[in-house]
Each structure stands twice: as structure tokens, then as C-alpha cells.
Amino acid sequence: EMYKFEISDNMHGVKRIANKATQFGEGNITDGKRGLTFALYLYLNEKFMEEGTHEGNFGRAFAVVSWNLACRGDSTGMVHLKHMQWSGDSTGIPFAHSKDAQLGDDPKKKLPRHCYSNPLDHCADFSSGLFDYLALYPDFLSNPDGPLFPGAQDSQAKRFYEIMTKVLKKHEADINERFGFKIEDVGVHSWRKGAHTHMNCGSTAGPSAAATCIRGGHSIGSTRDVYVCQEKASD
């Protein structure tokens, strides 16, 4: 026990020194990739479309699905056509498996996350992003049990990373000047981080914290996970 205490005490000391060094300019204050701002999300969708290629079209579709579902890139690669539920004016997409619900024991995690069209802004529109993608790959629809983005699950996130990196490098100066982002601070996970930030802080009248956690598959505590459920007003 004494050994564990000494190790823990020493590690706290190391962390304090490292944190102080960070404050004095060594390394980065923030950890991991930055979340996209909504403006940068729209900008990148526009640049994906301007590529005028199959890869650019894929990039936009992968981006709008990841953003609207507020999910990880690997989870976007898991979406299958039969998972997509057309419900009124929305498209519902559930997940049976996710990083924080690998056993599928929580029925709340399997509730569909509804995605809506945005007719006022083509760059933000979920439906047209999917339509343009499927119009280029109509053969995918012949296999309703197949994935929305065919290929190995992890390879789709890598494929998105490649087209994302290409677009970022092409517009590096503009992204740095207009949005204050270094391109090395943007990664596939930036879409999930940005979506969560936009839901929680992008409006003075946005959804509740509980609703955003449910949307993103985060736990809100063992008790509240049982008593706070998804409802239409905040989906």
C-alpha cells in the first residue's frame, strides 16, 4: 500500500511539472483533435462538393452522417442500409453496438437518432448529402443488408481521413486565416466533437444536456440513464 501511495504521489508531481511546462509554452494545452466549428463544418462540406469527384462526394456524405449522428468515424462505417428508418420528415438511424455500449444491454442506446433535412443551406443538408452519394453508387441499394459505406468498417474512416487531409491541405491558408485552425488539429473525431459542441453551445435555445448525451451515446449517470429517456421534442 505504501508503494502504491508513493507511485501515485510521484505521478501527481510529474503531472504538475508537465502541466506547468505546458503553461510556459511547451507542447499544446488542448488534448487531441479540435472539434469543428459549425462554420468550418459547412465550409468543408462545400469543399468536398467542389472536388467534383467520387471521393469528394463520399467525403461529404460521410461528414454529414457523422455530424448528424454525433458519432465516431468507426460507428459511421457500421451504418447499414437496413438500419435506416424513414420516419415522417426524418431519417432514423439506430446503433446496436458502440464503443461505450459493446454488449448491447442498454435499450436506450438502440433508439434511432433522427436526422432532418435543411432546405435553407445545401452544405448542411443531410438528405441531399446522402442522395448525391447514393445517386453515384446506385448499386449499393440492391443490397439492403449491406453497409451504407461498403468496405471494412475501419477502412471507411481511413478513406474519409484521406479525402479530408487532401481538402485540408488544398485550403490550408484559407482555413487558418478564416477559422483560426491549423490543419493538423483537425481529424476524423473533430466531426463528433464539433457536433456535440454545436448541440450544447451553438444556440441559446438548444437541446438539454441530457438530450445531447442520449444523442451522442454518452451516459448521464446510472440513475438518470434509467429515468431520463429520449423524447421527440429533443431528438
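For clarity, every value in this text was computed on a predicted model and none was experimentally measured. (Residues numbered from 1 in each chain as written. Predicted model: local features only at pLDDT ≥ 70, side-chain atom pairs only at ≥ 80, totals over all residues. Heavy atoms only, no water.)

Details of the overall build of the chain
Scanning the chain from N- to C-terminus turns up 10 helices and 3 strands. The proportion of buried residues among the 235 residues of the chain is 39%. Summing over all exposed atoms, the chain offers an accessible surface of approximately 13,700 Å²; the carbon and sulfur share of this is 55%. (Helix = DSSP H or I, 4+ residues; strand = E, 2+ residues; numbered from the N terminus. Buried < 20%, exposed > 50% of the residue type's maximum accessible area, 1.4 Å probe, protein only. Areas by Shrake-Rupley, 256 points an atom, 1.4 Å probe, with all protein chains shown as cover.)

Some points on the packing of helix α2 (residues 38–50) against helix α7 (residues 172–179)
Orientation of α2 relative to α7, taken along the N-to-C sense of each, is 155°, at an axis distance of 11 Å. Between α2 and α7, the angle is such that the two are roughly antiparallel. For the crossing formed where α2 meets α7, the hand is right-handed. When α2 is examined against α7, the residues A39, L40, Y43 and L44 are found in contact with a partner set consisting of D174, I175, R178 and F179. (Axes fitted to C-alpha atoms, helices over the stretch in contact; angles between N-to-C directions. Parallel < 35°, antiparallel > 145°, perpendicular 65-115°, else oblique. Left-handed = near helix turned anticlockwise from the far one by under 90°. Contact = heavy atoms within 4.5 Å.)

Observations concerning the sheet that holds strand β1 (residues 85–87)
Taken in spatial order, the 3 strands of this open sheet run β1-β2-β3, and their pairing is antiparallel. Where the open sheet ends on each side, the last strands, each with one partner, are β1 and β3 (113–116). Between one strand and the next, the sheet's axes are offset by a mean angle of 35°, whatever the strand orientation. Sheet analysis places strand β2 (residues 90–93) next to β3, joined by 4 bridges and oriented antiparallel. Looking at the pairing, S90 lines up with Y116 of β3. (Pairing = 2+ DSSP bridges.)

A few points about the pattern of salt bridges
Taken as a whole and assessed by the stated rule, the structure comprises 7 salt bridges. Between D174 and R178 there is a salt bridge, and its shortest N-O distance comes to 3.5 Å. Separated by 4 residues within a single helix, D174 and R178 lie in helix α7, roughly one turn from each other. In the salt-bridge network here, residues are joined through shared partners; they are E51, K166 and K170. (Salt bridge = Lys/Arg side-chain N within 4 Å of Asp/Glu carboxyl O.)

Section: the packing of helix α3 (residues 54–69) against helix α8 (residues 189–201)
Relative to each other, α3 and α8 sit at 45°, their axes nearing to 8 Å. The pairing of α3 with α8 is recorded here as oblique in orientation. When you trace α3 past α8, the crossing you get is right-handed. Here A63, S66 and W67 of α3 come into contact with α8, specifically with W191, G194, A195 and H198. Of the residues that constitute the contact of α3 with α8, the class distribution is 4 nonpolar, 3 polar and no charged. (Nonpolar A, V, L, I, M, F, W, Y, C, P; charged D, E, K, R; others polar.)

Some remarks on α3
Helix length check: α3, at 16 residues, gives a terminal C-alpha distance of 23 Å against a target of 22 Å (1.5 Å per residue), a fit within 8%. Most of α3 is tucked away: 14 of the 16 residues are buried. After α3 finishes, the residue A70 shows a positive phi value of roughly 50°. (Expected span 1.5 Å × (residues − 1).)

Re the pairing of β2
Judged by which residues are buried, β2 turns out to be covered on both faces: S90 and G92 on one side and T91 and I93 on the other are all buried. Note: β1 against β2, 3 bridges, orientation antiparallel. Bridge assignment links Q85 to a residue of β2, and that residue is G92. Between β1 and β2, which pair antiparallel in sequence order, lie 2 residues; one of them, G88, sits at a positive phi of approximately 60°.

What about the nonpolar core?
One finds L44, L148, F160 and W191 to be the most contacted residues of the largest nonpolar core, which totals 45 residues. Contributions of two or more residues to this core are made by α2, α3, α5 (126–136), α6 (153–170), α7 and α8. Of the residues forming this core, the biggest block, 8 residues, is contributed by α3. The residues contacting W191, other than those within four sequence positions of it, are L36, Y41, L44, F48, A63, S66, W67, F160, M164 and V186. (Core = buried A, V, L, I, M, F, W, Y, C linked by side-chain atoms within 4.5 Å.)

Function cannot be read off these values alone, since they describe shape.
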